[in-house]
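# Topology and contacts: notes
Here are the chains, one letter per residue:
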Amino acid sequence: MNLRSQSSEYCHPGRQFIQRYGVPTDRASVLRYPQFLRSAAGLTDEPPIHLLNIYRHFGMREPVRAPLEDQQGILVDGDRGLILVKEDDARARQRFTEGHELMELLFDAIEEMGKLDRWSHDEKERLCDQGAAELLMPRSRFIADLQAEGLSLRGGRSLSKLYQMSLIATLVQMINHSSDSAALVLWHPALRKQEQRTQPQMTADSDPPKWKLRVWWRRCTDNWTGGFIPPNKSAPSTSLITQSHLSQQTKVGIEVLPLSKPPIQCRVEALPIQTSGKSCVLTLLHSPESDLASR
């Protein structure tokens, strides 16, 4: 792996942004940076966003594909714009990682100004993810595409192809900008607490009572009316969510899910996926009023 020094033509994008707009002080000012990167490189909001143009404009070398473990990317040296990304990740996931690390260059410049303490590490990471999404799926174009496609797994597949992004990243961006009442939930299999022995994963041959599909993470639209979805909440063993995992097939239907009190009736779209080395189920939950409004 060749880590040769960057040429003198390199211009740190985070420093250049701060020179023009000042040190960001809130989420809105941080999220001006993705637009700055595109505009500086002569890019519009037309998908897909070509990151190579940004690298060339700022004199950066392309990110190095490296055998990373336990992380998708690293900003190795802000002074040279040197980024590493996990070589065995899918290209769509690498693109999101590259966007995240381009955001890290802004925070690298903020740290140089002694202003990084206004954000915790977790807040910074969330902003880098939000900025990567805004860079690669600009809301100025994305919202119109979302309205045309509709919030669904099918729409997510269509937009992920258009923007050259992973399905999960695309669906998260759809949830963030949709006016529907909907939730995106990723479920992963876990042994019940009383079970002590280790099993590889839940399959059709497993003993279902020993397993539960539990909430790994969830994202809700601003208009979600289904109530709070607790972390680690388990899906009923008879639900479409569990059926999707056992059959490894997409399942769609109306169900009453005991995710909150009272239980919610919703239309479920359940898709079995592999992510982070786990066999999981990705679901879109649509509350009834959202479905009626979309007809």
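Each remark here, short or long, concerns the structure printed above.
Everything in this summary refers to the structure shown in the same document. (Residues numbered from 1 in each chain as written. Predicted model: local features only at pLDDT ≥ 70, side-chain atom pairs only at ≥ 80, totals over all residues. Heavy atoms only, no water.)

## Side note on the packing of aromatic side chains
In this structure the tally under the stated criterion is 8 aromatic pairs. On the basis of an interplanar angle of 80° and a centroid distance of 5.4 Å, the ring pair of Phe17 and Tyr33 is categorised as edge-to-face. Within this pair, whereas Phe17 is found in helix α1 (residues 13–21), its partner Tyr33 is found in helix α3 (residues 33–40), the two being separated by 16 residues in sequence. For the residue pair Phe17 and Tyr33, the accessibility class agrees, reading buried in each case. Between Phe17 and Phe36 the ring centres are 5.4 Å apart and the planes differ by 65°, which places this aromatic pair in the edge-to-face class. (Phe/Tyr/Trp six-rings, centres within 6.5 Å; stacked < 30°, edge-to-face > 60°. Helix = DSSP H or I, 4+ residues; strand = E, 2+ residues; numbered from the N terminus. Buried < 20%, exposed > 50% of the residue type's maximum accessible area, 1.4 Å probe, protein only.)

## A closer look at the sheet that holds strand β2 (residues 73–77)
Pairing within the open sheet is mixed, and its 3 strands lie in the order β1-β3-β2. Two strands close off the open sheet at either side, each with one partner strand: β1 (64–66) and β2. Going from strand to strand, the sheet's axes swing by 30° on average, the running direction of each strand aside. Across the sheet, helix α5 (residues 91–112) lies against β1, β2 and β3 (82–86), angled at about 40° from β2, the strand it touches most. (Pairing = 2+ DSSP bridges. Axes fitted to C-alpha atoms, helices over the stretch in contact; angles between N-to-C directions. Contact = heavy atoms within 4.5 Å.)

## Observations regarding the packing of helix α7 (residues 139–149) against helix α9 (residues 167–177)
Direction vectors running N to C along α7 and α9 enclose 90°, while the axes themselves pass 10 Å from each other. One way to sum up the angle between α7 and α9 is to call them roughly perpendicular. Residues Arg139, Phe142, Ile143 and Leu146 of α7 form the contact with α9, whose own contacting residues are Thr170, Gln173, Met174 and His177. (Parallel < 35°, antiparallel > 145°, perpendicular 65-115°, else oblique.)

## A closer look at the nonpolar core
Membership of the largest hydrophobic core comes to 55 residues, with the highest contact counts inside it found for Tyr33, Leu37, Ile54, Met60, Leu102, Leu171 and Leu184. It is α5 that contributes the most residues to this core, 8 residues altogether. Not counting the four nearest positions on each side in its chain, Leu171 is found in contact with Ser152, Leu153, Gly156, Leu184, Leu282 and Leu284. If you look at the next biggest cluster of nonpolar residues, it comprises 18 residues, including Leu213, Val215, Leu240 and Cys266. (Core = buried A, V, L, I, M, F, W, Y, C linked by side-chain atoms within 4.5 Å.)

## Brief notes about the pairing of strand β7 (residues 264–275)
In terms of burial, β7 is a largely internal element, 9 of the 12 residues being buried. Note: strand β6 (residues 251–257) against β7, 7 bridges, orientation antiparallel. Bridging from a neighbouring strand, Val256 pairs with Gln265 of β7. Where β6 hands over to β7, the hairpin turn is made up of 6 residues, counted between the paired strands. Bridge count for β7 against strand β8 (residues 278–286) is 9 bridges, and the pairing is antiparallel.

## Examining the sheet that holds β6
Pairing in this open sheet of 5 strands is antiparallel, and the strands run β5-β4-β8-β7-β6 from one edge to the other. Strand pairing shows two members of the sheet lacking a second neighbour, β5 (211–220) and β6, which therefore form its edges. Taking each pair of neighbouring strands and ignoring which way they run, the sheet shows an average axis angle of 35°. Against the sheet, helix α10 (residues 240–247) engages β4 (182–191), β5, β6, β7 and β8, with an angle of about 140° to β6.

## What to know about the pattern of salt bridges
Side chains bearing opposite charge may pair, as long as their charged atoms lie close to each other. By the definition in use, this model includes 12 salt bridges. Put simply, Glu112 and Arg15 hold a salt bridge, and the shortest N to O gap is 2.7 Å. With Glu112 in helix α5 and Arg15 in helix α1, the pair connects residues that are 97 residues apart, well separated along the chain. Accessibility expressed as a relative area gives 29% for Arg15, which makes it partly exposed. The residue Glu125 makes a salt bridge to Lys124 at a minimum N-O spacing of 2.9 Å. Here Lys124 falls in the buried class, since its relative accessible area comes to 11%. (Salt bridge = Lys/Arg side-chain N within 4 Å of Asp/Glu carboxyl O.)

## Describing helix α6 (residues 121–136)
Compared with the 22 Å implied by 1.5 Å per residue over 16 residues, the 23 Å span of α6 between its first and last C-alpha is a close match. Among the residues of α6, those classed as buried are Lys124, Leu127, Cys128, Gly131, Ala132, Ala133, Glu134, Leu135 and Leu136. (Expected span 1.5 Å × (residues − 1).)

## Here we look at the packing of α1 against α5
When two helices pack together, their arrangement is given by the angle between the helix axes and by the axis-to-axis distance. Taken N-terminus to C-terminus, the directions of α1 and α5 make an angle of 65°; their axes are 7 Å apart at the nearest point. Taken as a pair, α1 and α5 cross one another with a handedness that is right-handed. Residues Pro13, Gly14, Arg15, Phe17 and Ile18 of α1 pack against Leu105, Leu106, Ala109, Ile110 and Glu112 of α5. Looking at the contact of α1 with α5 residue by residue, the classes come out as 7 nonpolar, 1 polar and 2 charged. (Left-handed = near helix turned anticlockwise from the far one by under 90°. Nonpolar A, V, L, I, M, F, W, Y, C, P; charged D, E, K, R; others polar.)

## What to know about the environment of Ala109
You can see Ala109 is positioned in helix α5. Residues Ala109 and Gly78 lie 31 residues apart in sequence; the distance between their C-alpha atoms is 8.2 Å. Ignoring any residue separated from it by four or fewer positions in sequence, one finds Ala109 in contact with His12, Gly14, Arg15 and Ile18.

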